[in-house]
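A look at the structure
Listed below are the residues making up each chain.
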Amino acid sequence: MRGGDDGVSTRGGGRSVKESASEMIQLVLPNDTNLLGHLLGGRMMHWIDLVGAVVANRHSRRPIVTASMEALDFYAPVLLGNLVILKGYLTFVGRTSMEVGVEVYAENGLSGERVLASRAILTYVALDDVGKPTPVPSLFFESEAERGRFDEGRERRRIQLERVKKVKAARAEKEDS
Ligand SMILES: CC(C)(COP(=O)(O)OP(=O)(O)OC[C@H]1O[C@@H](n2cnc3c(N)ncnc32)[C@H](O)[C@@H]1OP(=O)(O)O)[C@@H](O)C(=O)NCCC(=O)NCCS
């Protein structure tokens, strides 16, 4: 059962969070680091966007574009030689948009010690054959945690759309004058 445009599926239909959840592993090489031997923020953002895009593509099975990167926090530096484990999973699905959460862990390849280094939230939009936003499958929950993340995502989207609306209105006003 599909619960309206918010892409919630309570029973049957839709796809689970698990079906599109994706993991990517990178090794930090000298070319990925700054002068301190820390992973460049921009390189991390690129990897985050890639794993998020894989999740959105797997859920929608459509070409997708990144609409926004809503939050990006760096908690700990990632060092030259570390393994970087990026875990992406859907948090919210709208009509044509998909919100993906990405957790980034830095792992010491010798000791196995792993720390949460970064977290991000991004939104992707699925496109049809002429490049227009197109509906995506609804999402069904398998845990209370998934339901909780969905509710948080819905609230984030409400705030985000208000911001986008204001920007579009300001742009239209400028074009008219
Ligand atoms: C993202 C994009 C496709 C949206 O197009 P649009 O004409 O504004 O489409 P709509 O207003 O119909 O919105 C489509 C969906 O995008 C969402 N959306 C639009 N702008 C958004 C933004 N800035 N952040 C988050 N979501 C956004 C809307 O909420 C809507 O979601 P829903 O269908 O689930 O309700 C368009 O702005 C675009 O192509 N942007 C450039 C993308 C790009 O180049 N990315 C970098 C390289 S991949």
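Residues numbered from 1 in each chain as written. Predicted model: local features only at pLDDT ≥ 70, side-chain atom pairs only at ≥ 80, totals over all residues.

Brief notes about the overall build of the chain
The following threshold applies: Secondary structure is summarised from DSSP: a helix means a run of H or I of at least four residues, a strand means a run of E of at least two, and numbering begins at the N terminus for each. Note on burial: count the other C-beta atoms lying within 10 Å of the residue's C-beta; 20 or more is buried, 12 or fewer is exposed, in between is partly exposed, and C-beta positions come from the backbone. What counts as a contact here is a pair of residues whose C-beta atoms, placed from the backbone, lie within 7 Å.
Scanning the chain for helices and strands turns up 3 helices and 8 strands. Of the regular secondary structure in the chain, the N- to C-terminal order runs β-β-α-β-α-β-β-β-β-β-α. Its C-alpha atoms put the chain at 50 × 50 × 30 Å along the principal axes. Here the chain holds 177 residues, and the buried ones make up 32% of them. Summarising the internal contacts of the chain: among those between residues at least 6 apart in sequence, 73% fall at separations of at least 24.

Quick word on the environment of Ala126
Its location among the elements puts Ala126 in strand β7 (residues 114–126). Taking the C-alpha atoms as reference points, Ala126 and Pro63, separated by 63 residues in sequence, lie 5.9 Å from one another.

A short note on unusual backbone geometry
Positive phi outside glycine occurs at Arg61, with the angle close to 55°. Along the chain, Arg61 turns up in the loop between α2 (41–60) and β4 (64–74).

What to know about the site of the ligand
To keep things clear, this is the line we draw: Being near a molecule or strand means, for a residue, that its backbone-placed C-beta atom lies within 6 Å of it.
Close to the ligand lie 14 residues, the nearest being Ser68, Gly94, Arg95, Thr96 and Ser97. Contributions of two or more residues to the shell around the ligand are made by β4, β7 and α3 (144–176). Ranked by residue count, the leading element in the shell around the ligand is β4, at 4 residues.

Examining the sheet that holds strand β3 (residues 22–27)
Here is the rule we go by: We call two strands paired when DSSP finds no fewer than two bridges between them. Helix axes are fitted only over the stretch in contact, all axes being lines through C-alpha atoms; the angle between N-to-C directions runs from 0 to 180 degrees.
Read from one edge of the open sheet, 5 strands run β3-β5-β6-β7-β4, paired in antiparallel fashion. Two strands bound the open sheet, and with one partner strand each, they are β3 and β4. Averaged over all pairs of adjacent strands, the angle between their axes in this sheet comes to 25°, without regard to strand direction. Inspection of the sheet shows strand β5 (residues 83–93) paired to strand β6 (residues 97–107) by 10 bridges, in the antiparallel sense. Residue pairing across strands places Val84 opposite Ala106, the latter belonging to β6. Each of β4, β5 and β6 touches α3; the most contacted strand, β5, lies at about 80° to it.

Purely geometric stuff here, so don't read any function into it on its own.
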